[in-house]
Amino acid sequence: MTGPKILTADWDKPQSWSLDTYRAGGGYQALAKALKMQPQQIVDEVVKSNLRGRGGAGFPTGMKWNFVRKETSFPKYLVVNADEGEPGTFKDREILLRSPHMFLEGLIIGCYAIECHLTYVYCRGEFRESAMARLEKAIEEARAAGYIGKNILGSGLDVEVHAVYGAGAYICGEETALLESLEGRKGYPRLKPPFPANAGGGLFKQPTAVNNVETLANMPAIVTMGGDEFSRLGLVPKNGGTRLYAVSGHVKKPGVYEAPMGISFKALLDEYCGGMRQGSTLKAIIPGGASSAVMTAAEADWASDFDTLKAKKTMAGSGAVVYLDQSVNMAQALANLMHFFAHESCGQCTPCREGTAWLSRLLDKIVAGKGEKQDVDNVHQIARQMEMKTICALADGAAMPAKSYIEKFRADFDALVRG
Amino acid sequence: MISLGTQAGTVESPFTPEQQQRFDAGLDRAIAGYPSERRKAALLAALHLAQDELGWLSEPAMAYVAFRLDVPPVRVREVATFYTMYRLRPVGRHHIGVCNSISCWAMGAEDVLRQCSEILGIRPGETSGDGHFSLEEVACLAACGRAPAVLVNNYAFFENVTADSLKALIRDLREQPGKAMAKGPLPRLPDPHARIESQSAPQATGTLGQPAVTTRAEAGSAEPKR
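The rules behind each value
Residues numbered from 1 in each chain as written. Chains lettered and ligands numbered in written order. Predicted model: local features only at pLDDT ≥ 70, side-chain atom pairs only at ≥ 80, totals over all residues. Heavy atoms only, no water. Phe/Tyr/Trp six-rings, centres within 6.5 Å; stacked < 30°, edge-to-face > 60°. Lys NZ or Arg CZ within 6 Å of the ring centre and 35° of its normal. Pairing = 2+ DSSP bridges. Helix = DSSP H or I, 4+ residues; strand = E, 2+ residues; numbered from the N terminus. Axes fitted to C-alpha atoms, helices over the stretch in contact; angles between N-to-C directions. Contact = heavy atoms within 4.5 Å. Buried area = accessible area lost by both parts, 1.4 Å probe. Salt bridge = Lys/Arg side-chain N within 4 Å of Asp/Glu carboxyl O. Buried < 20%, exposed > 50% of the residue type's maximum accessible area, 1.4 Å probe, protein only. Polar contact = N/O pair within 3.5 Å; in protein donor to acceptor, adjacent residues only side chain to side chain. Domains from an automatic or database assignment. Core = buried A, V, L, I, M, F, W, Y, C linked by side-chain atoms within 4.5 Å.

Participant: Would you take a moment to explain the packing of aromatic side chains for this structure?
Facilitator: The geometry of an aromatic ring pair is captured by the separation of the ring centres together with the interplanar angle, meaning the angle of the planes. Taken as a whole, this structure holds 19 aromatic pairs over all chains when the rule is applied. Taking the centre distance of 5.4 Å and the plane angle of 85° together, the rings of Tyr22(A) and Tyr28(A) count as edge-to-face. Ring pairing ties together the aromatic residues Tyr77(A), Tyr120(A), Phe204(A) and Tyr34(B), which thus form one cluster. Seen from the ring of Phe157(B), Arg93(A) lies directly overhead, with NZ or CZ sitting 4.4 Å from the centre. Residue placement shows Lys186(A) over the ring face of Tyr188(A); its charged tip is 4.1 Å from the ring centre.

The structure is reproduced here in structure tokens:
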């Protein structure tokens, strides 16, 4: 592997998750430095760092924190989105398992920056006995060492961290559905505005920053090296830092790799993952989780940053890259994805609830060999009509693959249908 | 109009005294995590606690949770039916969830499902006649780099599943002394920390993308605690 290691610096060390290991590598020194800065100075550095939210939307983190800081209503909350569930994504679980203290340090820095004293880590329930058991242990260690609790490092800052568990619902990764769930309700996304950062839109209607685990794990590095230097780690303007790429599919070495933000999909595959497996030829790339529009092998030289991929009508999403080989029929792959979206649609908005179910049935029919050309056209047509019509982005996330799989791999569909 | 109000009086607890003690302690902790006027937010946590003790969420269990948090029973039902980890009927003593989302699918999850069905003699969604096993297809487990992945009893991950390791896993689960889930608690891992230590020992996962970390010893470690 090449390139700077920020998030994965400790991953190969023995007991990488322990406080001792983390401190031996300089851990929690960034927190001490941050507590001597003004909160606004920290946010200014985060703005300069060009750190973009690693959960999927790629929203500039510093800008989000400034929105929260501008609000005059207290208390303010920082809520961590650890509800990792976008198919293909498995990086936050690795951070929690391998470097929970780096994430915690970033979390406390974030709390100080937006003046929050009570923070929640909302995690998918399935992680409770594994990744989160490790985080909960890390929280205890950090509390005993004075990094969490009252008067942190003698600075007067108080922060309490609570872990809260979901119970199996992809939609709760959507930030407003997450807040609903955190408040003890089913995960129905909220109508925006007001946005979570604004009074009336956040947790218990208070201004709230919702940040991804990986986003926060970058904070110690930003405070240590400064925003400008962090920004230069990225290969593309306005896309700072390194990124954890969660690579799966038919590659030689699947796994989580830290690479400069904006690395090309070809370089990621060849330089980090050892290329495709023996006998496999690259056919398609899912660039940012199941909700992203698919890419062809010929497009593998695209940069993987948020802005390039948006311009190419797909998205960098959660950094989950799936490389698929020639054995995959893309109509079958889409049918698989659509089962997922139809299952996970919360049912609140009609275009999503009906649309995903309809697409799933049509695709099943096509995959079963009972479809006609018209059915393929209908899938595309329905997908287009689902876009931009719902409260949250789940419907758009289902429509994007539906359209792109047909546009780029029509032959796979035609091979299965009559006429 | 249907009354959404809370039930009058008290509701009988579905727990044994020992279970009650654990439930109460857990609930106190969950409520303490929220601002004092927001105790109802602990609903998901309360349902998790009840299911940990009972193995599933029976009607009396849901009614009791509603009573303890002073929320309308309809809201408890709404939440319990929305989230897939909550069981509204008893499942097998060992509940096997096979991930069939895109990465696992590409790496042969459908074969894993088929093999599970053949060995256990049940289809996804069913429970075996002796109550030992139930099978389910589950959504992405965030284990895509070590696909295909299987989740046992909501919390135990088994990754890089092969035909042989699946057979070994099921054999180990079957040999454990067990009773039908309906009568006993959901099996819990003996010591979650011990399990992760072994799973993430540097030699096992120090380099990413290493082969299977699931061993027979770990499969056996999914024994019930109590």
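Participant: Would you mind showing me how to read the sheet that holds strand β4 (residues 208–212) of chain A here?
Facilitator: In a beta sheet, neighbouring strands are held together by backbone hydrogen bonds and run either parallel or antiparallel to one another. Residue and element names in this part refer to chain A. An order of β3-β2-β1-β4 is seen for the four strands of this open sheet, with the pairing classed as parallel. At either end of the open sheet lies a strand with only one pairing partner, and these are β3 (160–165) and β4. Within the sheet, the average angular offset between the axes of one strand and its neighbour, ignoring direction, is 20°. Sheet topology note: the strand β1 (residues 76–82)/strand β2 (residues 116–123) ladder contains seven bridges and is parallel.

Participant: Can you walk me through the interface of chain B and chain A in this structure?
Facilitator: It is common to report an interface's size as the accessible area lost on association of the parts. In this complex, chain B contributes 53 residues to the contact, which on the side of chain A involves 70 residues. Contact between chain B and chain A buries roughly 4,900 Å² in total, counting both sides, with carbon and sulfur atoms accounting for 58%. Here chain B and chain A share four salt bridges between them. A salt bridge links Asp52(B) to Arg128(A); the nearest nitrogen and oxygen atoms lie 3.1 Å apart.

Participant: It is not clear to me how the side chain of Asp10(A) should be interpreted in this structure. Could you clarify?
Facilitator: All names here are of chain A. Assignment of secondary structure puts Asp 10 in the segment before α1 (19–24). Residue Asp 10 is classed as buried on the basis of its relative accessible area, which comes to 4%. One polar contact links Asp 10 to Lys 13, side chain to side chain, over a distance of 2.7 Å. With near-sequence residues (within four places) excluded, Asp 10 lies in contact with Ser 16, Tyr 22 and Ser 99.

Participant: Honestly, unusual backbone geometry in this entry has me stumped. Any pointers?
Facilitator: What is expected of a backbone is that most residues other than glycine have negative phi and most peptide bonds are trans. All names here are of chain A. The omega torsion of the bond from Phe 74 to Pro 75 falls at 0°, within 30 degrees of zero and hence cis. Mapped onto the fold, Pro 75 is located in the loop between α4 (61–70) and β1. Of note, the bond from Pro 193 into Pro 194 is cis; its omega dihedral lies within 30 degrees of zero at 0°. Structurally, Pro 194 is set in the loop between α8 (175–182) and β4. At Lys 205, a position not held by glycine, the phi torsion is positive, near 65°. Relative to the assigned elements, Lys 205 resides in the loop between α8 and β4.

Participant: Help me out: how do you make sense of the pairing of strand β7 (residues 282–286) of chain A in this one?
Facilitator: Consecutive residues of a regular strand have side chains that alternate between opposite faces of the sheet. Residues and elements named next belong to chain A. For β7, the buried fraction is high: five of the five residues fall into the buried class. Two strands pair when backbone bridges link them, and β7 and strand β9 (residues 320–325) are joined in this way by four bridges, in the antiparallel orientation. Opposite Ala 284, over in β9, you have Leu 324 as the bridge partner. Two elements, β7 and strand β8 (residues 295–296), share two bridges in a ladder whose sense is antiparallel. Counted as the bridge partner of Ala 284 is Thr 296 from β8.

Participant: How do you make sense of the domain arrangement of chain A when you look at a structure like this?
Facilitator: Residue and element names in this part refer to chain A. Each assigned domain of chain A is listed here: domain 1 (19–232), domain 2 (242–325) and domain 3 (330–414). Facing the 17 residues of domain 1 at the interface are 19 residues of domain 2. In this assembly, domain 1 packs against domain 2 so that about 1,300 Å² is buried in total across both faces, 57% of it on carbon and sulfur atoms. Among the residues domain 1 hides against domain 2, the three largest losses belong to Arg 52, Arg 54 and Phe 90. Together they make up 34% of the total.

Participant: Teacher, can you tell me more about the sheet that holds strand β2 (residues 133–138) of chain B here?
Facilitator: Residues and elements named next belong to chain B. Overall, mixed pairing links the four strands, which are arranged β2-β1-β3-β4 in an open sheet. Among the strands making up the open sheet, the edge pair consists of β2 and β4 (156–158). Direction aside, neighbouring strands of the sheet carry axes that sit 25° apart on average.

Participant: Can you help me understand the nonpolar core in this one?
Facilitator: Within soluble globular proteins, side chains that are nonpolar tend to cluster in buried spots. Counting 92 residues, the largest nonpolar core has Ile171(A), Leu182(A), Phe341(A), Tyr405(A), Leu47(B), Leu69(B) and Tyr83(B) as its most contacted members. If one sorts the elements of this core by residue count, helix α14 (residues 330–344) of chain A sits on top with nine residues. Counting 78 residues, the second largest nonpolar core, distinct from the first, contains Leu51(A), Leu78(A), Met132(A) and Ile222(A).

Participant: I keep staring at the pattern of salt bridges and nothing clicks. Help me out?
Facilitator: In the structure shown here, the tally under the stated rule is 39 salt bridges over all chains. We note a salt bridge from Glu214(A) to Lys91(A), for which the minimum N-O separation is 3.0 Å. One end of the pair, Glu214(A), is in helix α9 (residues 213–217); the other, Lys91(A), is in helix α5 (residues 91–98), with 123 residues separating them in the sequence. Accessibility assignment for this pair places Glu214(A) and Lys91(A) in one class, buried. Taking the shortest distance from any N to any O, the salt bridge between Lys266(A) and Asp270(A) comes out at 2.7 Å. Within this pair, Lys266(A) and its partner Asp270(A) are both found in helix α12 (residues 265–272), separated by four residues, close to a single helical turn. Among the charged side chains, a network of salt bridges with common partners joins Arg93(A), Glu94(A), Arg98(A), Arg146(B) and Glu159(B).

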